Amino acid sequence: MKRVGKPVFFIVSILIIAFSVLSIVGVSNTYGDKTTVYVKGGNDIRWGIDIRGGVDVTFTPPESVKNVTDENMKSAETIIKARLLSLNITDSEVYTDYNKHRIIVRFPWKEGETNFDPEAAIAELGATAELGFYEGTEKTQDKLIMTGADVETAEPMVDTTNNKPIVSLTLKPEGKKKFADATGKLYSSNGTISIWMDDDMISAPTVQAHITDGKATISGDFTSEEAKSLADKIQSGALPFKLETENFSTISPTLGMGAKDAMVLAGAIAFVLVCLFMIIMYRLPGAVACIALLGQLGGSIAAVSGFFPVFPSFTLTLPGIAGIILSIGMGVDANIITAERIKEEIRNGRSIDGSIDMGFERGFTAVFDGNITMLITAIVLMGAFGPPSSIFAKIFTPIFFMFGPSTAGAIYSFGYTLIVGVILNFIMGVFFTRLMLKSLSRFKCFRKPALYGGTK
């Protein structure tokens, strides 16, 4: 490597420190109750369910349902996504395992949520929601007038005559004709049209007019919240079968954030102790390594927070934080290997410049092998536990196809932060460290062998 100028150390170290501080604190401006974020920092990280708290549920068709097709599963996935949106749950994950006929759903608590009922939400997501209009008060197939498939829109409203919640329906052309024929037939005899949701009769009004405009209402003894829930179910459509809950778990926001705070504190303490160890054991190379490690930490945070506009923010989970800590540990390992090689070369009588060059050159093979091994592991984890549409999942489809997508987002986050850490390890721990150390070695005061671990 060519000789490096003296100013290089100051330029590189200032850039690393400035970048790290900026990636951690970000840049934003608050005016009144509006906050404008110019550069995203640590506070803008999107936390995973295991930190923010939320629900993790796996749905399966009942055992009594035979010959479940991929179309059935795709339809169920689409309807579940629509129902999540109707519940104002927008930050959700829905994956379908077509091999084992499972639908895996994850959604976090909403900000400030205090009274959310996860079991009720799960029951609503898995309900068939099959709407049916029947002649008379019994649910028999020969008396079926129309189904929810004949409904164009469903909206919760309030009946102005009695101020009670109702559901207003606008029918499709086919439904409009069916409903007009039925009400025309039953109007003269004051007949009844019963309305059923799955196996529950929710209303049985008497036909009081011949309705030809394709408008219908559902009234009953329900609250405004129940009316909205009913309208949402009708609007999203009926599942091809009722989904059963194979398993589900919930994590409270307090527990998740507490675990995050503990892990972040542990990481900060470990970082300080590692820096002290590096400086005491390896002196000048150790001090330079600490600057590089700070850059690696800042780069890891930037990679998940959305600091770089061209890269979207990434959901960070507890294993993801562990991945950051592990990758920094690998960065420490890389610096230790290099520093030991430099120390050994100096003790063998080589010059300062020659020792630095040989230390990085001979230590690179071990650093490269260790990081490539970790990179392969991270790619496999992202392929096995990531979304089926991801590039790594597609690469490993021939290997993992028999298992189906496990979609463990927490493990996917771990793999992602490991990959980022490997890249940053080469940038910070190898390239920038070498630049800074060779720059410092140009100063007369830093050309003492003792500063590199050698004897005086």
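Starting from 1, residues in each chain are numbered consecutively following that chain's sequence as written. With the structure being a predicted model, the display of local features is reserved for residues of pLDDT at least 70 and the display and counting of side-chain atom pairs for 80 or more, all residues being used for whole-chain, interface and lining totals. Hydrogen atoms and water are omitted, and side-chain values are computed over all heavy atoms in the structure.

Participant: Explain the sheet that holds strand β6 (residues 131-135) to me, and be specific about the residues and the numbers.
Facilitator: In space, the four strands of this open sheet follow the order β7-β6-β10-β11, with antiparallel pairing throughout. Looking along the sheet, the strands with just one partner apiece sit at the ends: β7 (144-147) and β11 (200-203). The average angle at which neighbouring strand axes cross in this sheet is 35°, direction not considered. Here, any two strands with at least 2 DSSP bridges between them count as paired. Numbering of helices and strands runs from the N terminus, with a helix taken as a DSSP run of H or I at least four residues long and a strand as a DSSP run of E at least two residues long. Relative to strand β10 (residues 193-197), β6 runs antiparallel, the two sharing five bridges. Residue Glu135 lies in a different strand from β10, and its bridge partner there is Ile193. Sheet strands in contact with helix α5 (residues 173-187) are β6, β7 and β10, and its direction is about 150° off that of β7. The axes are straight lines fitted to the C-alpha atoms, using for helices just the contacting stretch, and the angles between their N-to-C directions are given from 0 to 180°. In this description, contact between two residues means that some pair of their heavy atoms is separated by no more than 4.5 Å.

Participant: Let's hear about the sheet that holds strand β12 (residues 215-219): which residues, and what values?
Facilitator: Within a beta sheet, neighbouring strands are joined by backbone hydrogen bonds and run either parallel or antiparallel to one another. Read across the open sheet, the three strands follow the order β8-β9-β12; overall the sheet is antiparallel. Edge positions in the sheet fall to β8 (151-159) and β12, since each of these pairs with one other strand and no more. The average angle at which neighbouring strand axes cross in this sheet is 25°, direction not considered. Relative to the sheet, α5 contacts β9 (164-171) and β12, its axis offset from that of β9 by approximately 115°. Contacts between helix α6 (residues 224-236) and the sheet are confined to β8, β9 and β12, with β8 contributing the most and set at about 175° to the helix.

Participant: Go over the pattern of salt bridges with me, naming the residues and quoting the values.
Facilitator: We define a salt bridge as a contact between a side-chain nitrogen of Lys or Arg and a carboxyl oxygen of Asp or Glu at a distance within 4 Å. All chains considered together, the criterion is met by 15 salt bridges. Of the charged contacts in the structure, one is a salt bridge between Asp181 and Lys177, with a shortest N-O distance of 3.1 Å. Pair noted here: Asp181 and Lys177 are both in helix α5, with a separation of four residues, about one helical turn. As a salt-bridge pair, Arg434 and Asp357 come within 3.7 Å of each other at their nearest N and O atoms. Placement of Arg434 in helix α12 (residues 409-440) and of Asp357 in helix α9 (residues 352-385) is noted, with a sequence separation of 77 residues between them. Each member of the salt-bridge network shares a partner with another, and the members are Arg341, Glu344, Glu345, Arg350 and Arg362.

Participant: I'd like a rundown of a nonpolar patch on the surface, residues and numbers included.
Facilitator: A surface patch of nonpolar side chains, amounting to about 780 Å² of accessible area, comprises Leu265, Ile269, Val272, Leu273, Leu276, Phe277, Ile280 and Met281. The residue Met281 is located in helix α7 (residues 253-305) in this model. The patches described consist of residues with a relative accessible area above 30% and no salt bridge, like charges being joined within 9 Å and nonpolar side chains (Val, Leu, Ile, Met, Phe, Trp, Tyr) within 5 Å. Computed with the Shrake-Rupley method and a 1.4 Å probe, the accessible areas treat only the protein chains shown as cover for residues.

Participant: Now, about the pairing of β6: what can you tell me, with residues and values included?
Facilitator: Judged by how many residues are buried, β6 sits mostly within the fold: four of five residues are covered. Sheet analysis places β6 next to β7, joined by three bridges and oriented antiparallel. Bridge assignment links Tyr134 to a residue of β7, and that residue is Leu144. The classification of residues rests on relative accessible area computed with a 1.4 Å probe and restricted to protein chains. Under 20% of the type maximum is buried, over 50% is exposed, and intermediate values are partly exposed.

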